[in-house]
Amino acid sequence: MDSWVRFSAQSQAKERVFRAAQYACTLLGYTLQKGGAGVELLKMVKQLETHMSLTRKLMRLGNSAEAVEAAKRAVHLSDSVLRLCLTVAHLNKAMYFACDNVLWAGKAGLLPKLDQDKWSQRSFRYYLFALILNLTRDAYEIRLLMEREARSSHGGSNATWTSSPPSPSQENGDLSHPHPSSSSFPVAILPLLSERFGRQFHLLGTVLSSNPPLLLDLLKNACDVFIPLDRLGIYPTGQGFVGACGLASSVLSILTIVHPWLKLKP
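Because the structure is a prediction, the values reported are computed rather than measured. (Residues numbered from 1 in each chain as written. Predicted model: local features only at pLDDT ≥ 70, side-chain atom pairs only at ≥ 80, totals over all residues. Heavy atoms only, no water.)

Side note on the overall build of the protein chain
A tally of regular secondary structure across the protein chain gives eleven helices and zero strands. Across the protein chain, helices and strands are ordered from the amino to the carboxyl terminus as α-α-α-α-α-α-α-α-α-α-α. Burial statistics for the protein chain: of 266 residues in total, 33% are counted as buried. Taking the intrachain contacts of the protein chain between residues at least 6 apart in sequence as the baseline, contacts between residues at least 24 apart amount to 73%. Per element, the accessible surface of the protein chain, about 16,400 Å² overall, is 64% carbon and sulfur. (Helix = DSSP H or I, 4+ residues; strand = E, 2+ residues; numbered from the N terminus. Buried < 20%, exposed > 50% of the residue type's maximum accessible area, 1.4 Å probe, protein only. Contact = heavy atoms within 4.5 Å. Areas by Shrake-Rupley, 256 points an atom, 1.4 Å probe, with all protein chains shown as cover.)

Take a look at the structure:
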């Protein structure tokens, strides 16, 4: 109960709930359309989705200032890569929220002559760039953790390997086995590549399973990135896929609000 009280008291949490409902309507509308539902039902679901979107825009008024403050905090990070990615990502979020506020004013009738398509495309471009930077940050942290895990797991084995004496063929040169021909080289290297990729995937799984905040942030950003890609026409995926991705990322965002330890920091 205490978690629910804290959750409902946050405006961001309420916005996430409306976001989940909006994309659930998107997915539901796509499913009903494929199932041959009536026009009136489809129209009602579409109107509900529009109302959810407009409510979310109203709740995000002023979020630009919060994003700018987050960018100011990110400037002081010691890691240069994280500093660059997070600062620029927050600034893009600030521009995205500003465009979104202008869109809300247009949809609410305060700016009747506003070119809504133009401002919508502009806001999605800022949103896409922010998501790309967030994914870059996730990839950077994964790489650092994988390198750390590889050093900790292979430190002892490397020492054992280097201390082992060389074989006679290594000392005197093994002349009984000729070097592989160029035609057999690709065949010989395939098992080595397969073993290396296997080790990398194992390291990746170990790192992500031991770092739930990083895993959730990666999944959330990976789901979200398909939304602006579809809206901008860069990689059209359809309403059903967009609705599923938006719903999944919204649920993951709600989890990080209900359980703050799941939120990736900084």
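Past the structure itself, the notes keep going.
A closer look at the pattern of salt bridges
Where charged atoms of side chains with opposite charge meet at close range, the side chains can pair. The full count for this structure, using the stated rule, is eleven salt bridges. Salt-bridge contacts for arginine 60 lead to aspartate 100; the nearest nitrogen and oxygen are separated by 2.4 Å. One end of the pair, arginine 60, is in the loop between helix H3 (39-59) and helix H4 (63-74); the other, aspartate 100, is in helix H5 (residues 80-107), with 40 residues separating them in the sequence. Classification of aspartate 100 by relative accessible area gives buried; the value is 2%. In this structure, arginine 143 and glutamate 147 form a salt bridge, with 2.7 Å as the shortest nitrogen-oxygen distance. Here the residue arginine 143 and the residue glutamate 147 both occupy positions in helix H6 (residues 116-163), the gap between them amounting to four residues, near one helical turn. The class for glutamate 147 is partly exposed, based on a relative accessible area of 34%. Residues participating in the shared-partner salt-bridge network are Glu15, Arg16, Arg56, Lys57, Arg60 and Asp100. (Salt bridge = Lys/Arg side-chain N within 4 Å of Asp/Glu carboxyl O.)

A short note on H5
Given a rise of 1.5 Å per residue, 28 residues ought to cover 40 Å, and the 40 Å separating the end C-alpha atoms of H5 matches this to within 8%. N-capping of H5 is provided by aspartate 79, with a side-chain oxygen placed 2.9 Å from the backbone N of valine 81. Positive backbone phi, at 90°, marks glycine 109, one or two positions downstream of H5. (Expected span 1.5 Å × (residues − 1). Polar contact = N/O pair within 3.5 Å; in protein donor to acceptor, adjacent residues only side chain to side chain.)

Concerning helix H9 (residues 212-224)
With 13 residues, H9 should reach 18 Å at 1.5 Å per residue; the first-to-last C-alpha distance of 18 Å fits that figure. Within the span of H9, buried status applies to Pro213, Leu214, Leu216, Asp217, Lys220, Asn221, Cys223 and Asp224.

Some details on the packing of H3 against H5
Two numbers describe how H3 lies on H5: the axes approach to 9 Å, and their chain directions differ by 125°. Of the possible angle classes, the one that applies to H3 and H5 is oblique. The element H3 and its partner H5 pack so that their crossing is left-handed. Judged by residue contacts, Leu54, Lys57 and Leu58 of H3 engage Asp100, Asn101, Leu103, Trp104 and Lys107 from H5. (Axes fitted to C-alpha atoms, helices over the stretch in contact; angles between N-to-C directions. Parallel < 35°, antiparallel > 145°, perpendicular 65-115°, else oblique. Left-handed = near helix turned anticlockwise from the far one by under 90°.)

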